[in-house]
Amino acid sequence: MDVFNKCTVNLGPLGIYADQAEGYFMFPKLEGEIGNKMIFKGKERLIWSLNNYLGLANHPEVRKADADGAAKYGMAYPMGARMMSGQTNFHQQLERELADYVGRESAYLLNYGYQGMVSIIDNMVDRKDVIVYDSEAHACILDGMRLHIGKRFVYPHNNMESLEKQLQRATKMTEETGGGILVITEGVYGMSGDLGNLKAIVALKEKYNFRLLVDDAHGFGTMGPTGAGTDEHFGVRKDVDLYFGTFAKSMAGIGGFIAGPKQVIKYLMYNMRSQIFAKSLPMPMVIGALKRLELIRTQPIHREKLWIIVNALQKGLTDAGLNIGNTESPVTPVMLYGGVGEATQITFDLRENYNIFCSIVTYPVVPKGVILLRLIPTAAHTLDDVAYTIKAFKEVKEKLEQNKYPTSMADIGGL
Ligand SMILES: Cc1ncc(COP(=O)(O)O)c(C=O)c1O
């Protein structure tokens with residue numbers, strides 16, 4: 001049997017829609033300057049699907065820092081992995097500043113959040129240890145756990161009773177194996193926008209012995225009085241043992257970091273395979289990240305603008321009768337009810353007739369029958385954008401209730 005055979009038989013749960021959806025619903029091209037309005041299929045659209053939370057992607061100082069970094073060092077420098085030949089003062093400076101910002105002893109850079117998280121989990125546990133994790137954990141957490149040869153116990157999303165039960169099981173097991181327990185949650189859940197119940201999780205530390213790793217990809221820069229994250233928001237920083245952030249969202253860049261106690265970060269530096277066996281972050285990324293961090297720390301206006309847009313959007317949608325679930329973060333899901341056919345029709349209507357571009361999520365990512373339209377408000381949006389979008393969503397909901405959207409994907413013309 002040829003290993004390539006599977007590629008023609010079945011493209012997978014998303015790939016089965018490739019023929020109808022590629023270039024439009026999947027792999028769409030957004031062109032022009034990153035901002036609230038961009039070009040999609042030759043027309044200007046209002047964009048609600050970029051994690052450019054603080055609007056920094058196109059901030060003139062950020063663009064200048066990126067360009068200066070590239071002009072001075074090029075994309076190649078430094079060559080090699082950090083440990084071998086890729087260490088620089090700028091990488092170390094960024095780590096010190098990140099650690100300081102999130103209130104930890106040390107931090108270490110990751111080339112991508114995703115592979116960094118996989119590697120962190122791989123290193124923090126061995127066969128004697130048990131991982132306890134939230135059922136809605138991001139793919140990078142799930143993939144990190146695939147490398148774990150010990151036990152793992154899942155609890156239903158934010159269900160603290162179940163978490164406690166899993167901690168009891170894990171405690172019993174580790175008493176036998178002589179291992180420890182690592183609990184993993186997200187700070188902000190990127191689909192639903194609700195927060196990991198960090199207060200309740202850390203309260204369990206009084207009864208159970210475990211370490212807590214928080215993936216705060218969406219909370220870094222957006223949550224907490226200084227934007228330093230969801231643990232700052234809840235006031236539980238000292239009980240979050242390892243704090244993970246990515247540069248892909250608020251920082252509008254690429255890369256990420258892990259922060260925590262000095263000795264643990266040192267251990268990760270010397271063991272994380274994703275960093276030891278991969279090239280260091282290019283210098284322009286690091287110089288650009290230093291500038292972004294400086295703006296986040298010294299100019300709260302970006303976060304304030306973001307929250308003005310978030311609050312107006314979420315209140316407006318709720319007042320208009322739309323269901324935005326339990327979000328407490330900028331991530332704004334709008335839940336409608338229907339099948340994949342209706343979901344694609346709605347997205348098409350929003351894009352073509354209202355010039356609104358947002359992401360659409362359907363089964364199997366959300367339960368059957370739920371259509372989740374995900375809006376990501378940013379500091380780059382305006383209150384006019386918000387008002388226009390609320391009106392559009394209200395109309396779309398009414399049309400859906402009046403069965404105006406055909407249920408078959410085949411009815412979408414002219415893609
Ligand atoms: C919760 C969460 N963790 C990790 C990542 C991965 O980060 P990166 O894009 O830096 O690989 C993402 C998405 O980007 C995410 O949403």
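Structure first, text after, so check above.
Everything numeric here is computed off the predicted structure, so don't read it as measured data.

Engineer: I tried to follow the sheet that holds strand β10 (residues 256-260) on my own but got confused; where do I start?
Structural biologist: Within a sheet, each strand pairs with its neighbour through backbone hydrogen bonds, oriented either parallel or antiparallel. Spatially, β4-β10-β9-β8-β7-β5-β6 is the arrangement adopted by the 7 strands of the open sheet, whose pairing is mixed. One side of each edge strand has no neighbouring strand; the edge strands of this open sheet are β4 (106-110) and β6 (151-155). Sheet twist, expressed as the average angle between the axes of neighbouring strands with direction ignored, equals 20 degrees. Pairing geometry for strand β5 (residues 130-134) and β6, over 5 bridges, is parallel. By the bridge assignment, D134 is partnered in β6 with Y155. Across the sheet, helix α5 (residues 89-101) lies against β4 and β10, angled at about 125 degrees from β4, the strand it touches most.

Engineer: Mind showing me how you'd approach the side chain of R104 here?
Structural biologist: Examined against the element boundaries, R104 turns out to sit in the loop between α5 and β4. Engagement of the side chain of R104 in a polar contact is seen with the backbone oxygen of R237, the distance being 3.5 Å. The residues contacting R104, other than those within four sequence positions of it, are A99, D231, R237, V240, Y243, A259 and G260.

Engineer: Help me understand the side chain of E164 in this model?
Structural biologist: Locating E164 in the fold gives a position in helix α8 (residues 160-177). Here the side chain of E164 touches Y208 through a polar contact of 2.7 Å, side chain to side chain. Dropping the residues within four chain positions of it, E164 is found in contact with L204, K207 and Y208.

Engineer: Would you explain the site of the ligand in this entry?
Structural biologist: Close to the ligand lie 14 residues; G113, Y114, D215, T246 and K249 are nearest. Taking H218, its side chain carries an N or O atom lying 3.1 Å from an oxygen atom of the ligand. The side chain of K249 places a nitrogen or oxygen atom 2.8 Å from an oxygen atom of the ligand. When isolated, the ligand has an accessible area of 390 Å², and the protein chains bury 85% of it.

Engineer: Which parts of the structure should I look at to understand a nonpolar patch on the surface?
Structural biologist: A cluster of nonpolar side chains, namely M83, M84 and Y270, defines an oily patch on the protein surface of about 370 Å² accessible area. In this fold, M83 is placed in the loop between α4 (60-73) and α5. A residue is classified by how much of its surface remains accessible, and M83, at 39% relative accessible area, is partly exposed.

Engineer: Whenever I open this one, the sheet that holds strand β2 (residues 37-40) confuses me. Can you help?
Structural biologist: Here we have 4 strands laid out as an open sheet, ordered β1-β2-β3-β12, and mixed in their pairing. At either margin of the open sheet sits one strand with a lone partner, and together these are β1 (30-31) and β12 (356-357). Two strands pair when backbone bridges link them, and β1 and β2 are joined in this way by 2 bridges, in the antiparallel orientation. Residue pairing across strands places E31 opposite I39, the latter belonging to β2.

Basis of the calculations
Counting restarts for each chain: residues are numbered from 1 in the order of the written sequence. For this predicted model, a pLDDT threshold of at least 70 governs which residues receive local features, and a threshold of 80 or more governs which side-chain atom pairs are given and counted, while totals over whole chains, interfaces and linings are taken from all residues. As a rule here, side-chain values come from all non-hydrogen atoms in the structure, and water together with hydrogens is ignored. Pairing between strands is defined by DSSP: at least two bridges between them are needed. Per the convention used, a helix needs a DSSP run of H or I reaching at least four residues, while a strand needs a run of E reaching at least two, with both numbered from the N terminus. Note on definitions: angles span 0 to 180 degrees between N-to-C directions of axes, and those axes are lines fitted to C-alpha atoms, for helices only across the stretch in contact. We call two residues in contact when some of their heavy atoms are within 4.5 Å. Here a polar contact means two N or O atoms within 3.5 Å. Within protein one must be a hydrogen donor candidate and the other an acceptor candidate, and residues neighboring in sequence count only if both atoms are side-chain atoms. We call a residue near a molecule or strand as soon as one heavy atom of that residue lies within 4 Å of the molecule or strand. Surface accessibility follows the Shrake-Rupley procedure with a 1.4 Å probe radius. Residue values consider only the protein chains on display as shielding. Like-charged residues within 9 Å of one another, or nonpolar side chains (Val, Leu, Ile, Met, Phe, Trp, Tyr) within 5 Å, are grouped into patches, provided each residue has over 30% relative accessible area and no salt bridge. Within this document, salt bridges are pairs made up of a side-chain nitrogen of Lys or Arg and a carboxyl oxygen of Asp or Glu, the two lying within 4 Å of each other. Relative accessible area decides the class of each residue, using a 1.4 Å probe on protein chains only: under 20% of the type maximum gives buried, over 50% gives exposed, and in between gives partly exposed.

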